[in-house]
Amino acid sequence: MKKFRFYFTLLLFANTCLFAQKVKLINSKTEATIDSIISIMTIEEKIGQINQYSANWWDFNGVCTVKPEHLLLIEKGEVGSFLNIFGADITEKLQKIAVTKSRLKIPLLFALDVIHGFKTTFPVPLAEASSWDMDIIFNSARYQAIEAASNGVHWTFNPMVDIARDPRWGRIVEGAGEDPYLGSQIAKYRVLGYQGNNFTLPFSIFACPKHFAAYGAVEGGRDYNTVDISETTLFNVYLPPFISALNNGAGTLMCSFNEIGSIPSSANKHLLRDILKTKLGFEGLVVSDWNSIGELINHGIALDSKDAAILSINAGVDIDMESNSYFNNLKELINTNKIDIKIINDAVKRVLRVKFALGLFENPFKYCNKSDEKQNTLTTEMIDFSRESAKKSIVLLKNNDNILPLKKDIKSIAIIGYLANSKKNPLGSWEQLGDSNNVVTLLEGIKNKLNNSTKIDYSVGCFITDSSRKYFSEAIELSKNSDYVILNIGEDSKMTGEAKSKSNINIPGIQEELAKEIYKVNKNLIVVLSNGRPLTINWLSENVPAILETWFLGLQSGNAIADVIFGDYNPSGKLPVTFPRSTGQIPFYYNHKNTGRPSSNDLTQLTSRYTDLSSSPLYPFGYGLSYSTYKYSNLRLDKKSLNESDSLKVSIDIENLSNRDGNEIVQLYIQDITASLTRPVKELKAFRKVFIPANSKTTISFTLKNDDLAFYNNQLEFVSEAGNFKVFVGTNSEEVLVNSFELIK
Ligand code: NOJ
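Just so it is clear, the structure is predicted and the values come from calculations on it, not from any experiment. (Residues numbered from 1 in each chain as written. Predicted model: local features only at pLDDT ≥ 70, side-chain atom pairs only at ≥ 80, totals over all residues. Heavy atoms only, no water.)

**Some points on the pattern of salt bridges**
By the definition in use, this model includes 37 salt bridges. Among the ionic contacts, a cluster of salt bridges with common partners joins Arg-387, Lys-408, Lys-449, Asp-563 and Asp-568. (Salt bridge = Lys/Arg side-chain N within 4 Å of Asp/Glu carboxyl O.)

**Here's the deal with the site of the ligand**
Close contacts around the ligand come from Leu-83, Asp-113, Phe-157, Arg-171, Lys-210, His-211, Met-254, Phe-257, Asp-289, Trp-290, Met-321 and Glu-498, and that covers them all. Lys-210 places a polar side-chain atom, nitrogen or oxygen, 2.8 Å from an oxygen atom of the ligand. Asp-289 is positioned such that a nitrogen or oxygen atom in its side chain is 2.6 Å from an oxygen atom of the ligand. A total of 300 Å² of accessible area belongs to the ligand in isolation, and the protein chains cover 95% of it. Tallied by class, the residues present in the shell around the ligand amount to six nonpolar, one polar and five charged. (Near = heavy atom within 4 Å. Polar contact = N/O pair within 3.5 Å; in protein donor to acceptor, adjacent residues only side chain to side chain. Areas by Shrake-Rupley, 256 points an atom, 1.4 Å probe, with all protein chains shown as cover. Nonpolar A, V, L, I, M, F, W, Y, C, P; charged D, E, K, R; others polar.)

**Some points on helix H2 (residues 28–39)**
Helical geometry: 3.6 residues make up each α-helical turn, so side chains three or four residues apart lie on a common side. Along its 12 residues, H2 runs 17 Å from first to last C-alpha, staying within 8% of the 16 Å computed at 1.5 Å per residue. Considered for burial, the residues of H2 that qualify are Thr-30, Glu-31, Ile-34, Ile-37 and Ile-38. End-on, the buried residues of H2 take up no more than an arc of 125°, which puts them together on one face. Turned more than 90 degrees away from the buried face of H2, the exposed residues are Ser-28, Lys-29 and Ser-39. Contacts from the buried residues of H2 go to helix H3 (43–49) and helix H15 (341–357). With a side-chain oxygen lying 2.9 Å from the backbone nitrogen of Lys-29, the N-terminal cap of H2 falls on Asn-27. (Helix = DSSP H or I, 4+ residues; strand = E, 2+ residues; numbered from the N terminus. Expected span 1.5 Å × (residues − 1). Buried < 20%, exposed > 50% of the residue type's maximum accessible area, 1.4 Å probe, protein only. Arc of directions from axis to C-beta. Contact = heavy atoms within 4.5 Å.)

**A look at the sheet that holds strand E19 (residues 662–672)**
Taken together, the five strands give an open sheet; going across it, the order is E17-E25-E24-E19-E20, and neighbouring strands pair in mixed fashion. Pairing within the sheet leaves two strands with one partner each, and these edge strands are strand E17 (641–643) and strand E20 (683–692). Each adjacent strand pair in this sheet contributes to an overall mean axis angle of 25°, direction not counted. One ladder, built from eight bridges, connects strand E24 (residues 723–730) with strand E25 (residues 736–744); its direction is antiparallel. Opposite Phe-728, over in E25, you have Val-738 as the bridge partner. (Pairing = 2+ DSSP bridges. Axes fitted to C-alpha atoms, helices over the stretch in contact; angles between N-to-C directions.)

**What about the side chain of Gln-585?**
Positionally, Gln-585 belongs in the loop between helix H22 (557–565) and strand E16 (630–637). A polar side-chain atom of Gln-585 sits 3.2 Å from the main-chain carbonyl oxygen of Ser-614. A distance of 3.3 Å separates the side chain of Gln-585 from the backbone oxygen of Ser-616, its partner in a polar contact. Excluding anything up to four places from it in sequence, Gln-585 contacts Pro-580, Tyr-610, Leu-613, Ser-614, Ser-615 and Ser-616.

**Remarks on the nonpolar core**
Among the nonpolar cores identified, the biggest contains 186 residues, and Trp-155, Leu-234, Leu-330, Leu-397, Ile-486, Ile-537 and Leu-540 are the most heavily contacted of them. Ignoring anything within four residues of it in the chain, the contact list for Leu-540 reads Lys-398, Ile-489, Ile-507, Ala-515, Val-527, Leu-529 and Ile-547. Listed in part, the 24 residues of the second largest apolar core include Leu-635, Leu-648, Val-690 and Ile-692. (Core = buried A, V, L, I, M, F, W, Y, C linked by side-chain atoms within 4.5 Å.)

**Observations regarding the packing of helix H7 (residues 134–150) against helix H8 (residues 180–199)**
The geometry of a pair of packed helices is captured by two quantities: the angle between their axes and the separation between those axes. Axis separation between H7 and H8 bottoms out at 7 Å; the angle between their running directions is 35°. In this structure, the crossing between H7 and H8 has a hand that is right-handed. From H7, Met-134, Ile-137, Phe-138, Ser-140, Ala-141, Arg-142, Gln-144 and Ala-145 reach across to H8, where they touch Leu-182, Gln-185, Ile-186, Tyr-189, Arg-190, Leu-192, Gly-193, Tyr-194 and Gly-196. Taken together, the residues of the contact of H7 with H8 break down into 10 nonpolar, five polar and two charged. (Left-handed = near helix turned anticlockwise from the far one by under 90°.)

Take a look at the structure:
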């Protein structure tokens, strides 16, 4: 088996040289070829290229089938791409029809939602975002690409780069959390991982940042709901991860289901043409979301599918996924001059660009190789990486009196909770071909870690939503008689994801009650949370000595959690999203505005707060403990004032006061104190994962440049403004040291 990980160090170097500039998709040589192909295409063939269908789905053995009528369409050149089709055999068979039987022999594109793995399941995206580790982010995408491409996939509908400030929204699990800067970094490294450094690495597939735009801002956190935000918020909060993905070469993009300011994205010319294709210079293709063109009728802006097709194609949606609006109507609309053929030509051109860039015209069968499929699926290297990613994605929320890590020679331990023995849940919300038989549960992971001298007992305690207390007494009895208890509670993996919004984010069912009962009999209680969104965990946070946030960690979940519990890995993850104290606090995010009356603890003052709840989060953005203790000191700047062409060096000393080596994620925030628009109280602008050996001190320096101080102003120009700034450096968004400087213009 070839080793794939090796490429990353090279790529990091290449990045600094290659990716300062925007990566281009257009290549003058192929543009001429594309134009000549378009010039000989019939209207039907053009419509075919911008028409996408799904497979009949797949069976339990992962074998996909295609609807018979679609086979005929391939032959006629009336379908350009499919989703949900994979496998060397079937993709080869379909591609053969396209390139031998269709008139123009244009190859097909095969797309799939490879979100956190194809067959080798990695941690869910929100978990990997908690690693703040771009090596992990890049390599996870790279392995996903290698495995998916080896199974016939050309194009993944990922990364989801939607900023999510509302944990009620079920799709928070698919993204990188609440912060535009962290989200932009993650978007960049995922795109580079999937697309393999602009297709220079083997088994590269197209990335598709989604859902454009502001899908995470749905009112009330209810999926598909209305979005109504200002354009400055759109540009400063929701667009940065998209811009980062595009600047790093993302060649495709998916528009969102939601409306913004009363216009659904799939009909939003301003969003797709003015902003995306003109202002941001996007050269690739825009695919609709599943039937989002058809849904324009429900939105109430299209009378029928003909109307919907006119709106979407004019708005700049290049491919219709599954609604048949283009297929059924475009020909008539062109023939009756209701649609300009130039618009269709532009959409076709964008599709062909992607096919050329992937090299499909040269070799349409490049990913239909049975030996690649065999060699590059579920490899040991991928499984090992899944464990590495998983342990780095875990966030230690609480560790009173250093109860963790546990020693491996403890006499007895009780493992409690349905989730601890569930093979299905670690697969997360987009398990695709992930097989629960390959999952290592928490119970198995702990058994793998300990030898026979430790007595390990297990009880389910209770199920996730079931109200039966049938197993309470068994769980309590085992807990009473054990030195330590590991209680694994949280959500079912299907409680987050598409259409999985919730009106309250408490721990489901009677799991917290179980925790309380166990705590009464054994105070050595370690809670392991498995969930796809922040949960309100106030009682746990106030009472139990240790809490680990583990999200859904993929195939190696149990081994990775055991690595952390028993100290083989010193936790380093940090929250990419705020944990509120109550659902009523939502939306609650660290980079909020100050308001005219910032919240005060003095309730006699009239300030922006709830009178019945603290104004602070339960756990802030960027929060996460380690088994090491770090002391930050001496935050210093190399100048107190700078002009636009200067850079500012920000340095800080960090001491590891413990006897354990550790990795700390050092975070730098700024506040623009006076600006032409109100600015957040803090904005993340840099971070670094730093290895700090036991009992040693190190100095970290960051360099801030003019662009780091800039934002989109009222004219939507990205500019910095003269004035005073604060700079903060610390271990999370709240525990920081502060200094200040002035930008002079
Ligand atoms: C709908 C989802 O919103 C989108 O994220 C996904 O890529 C498509 N379905 C295709 O499966």
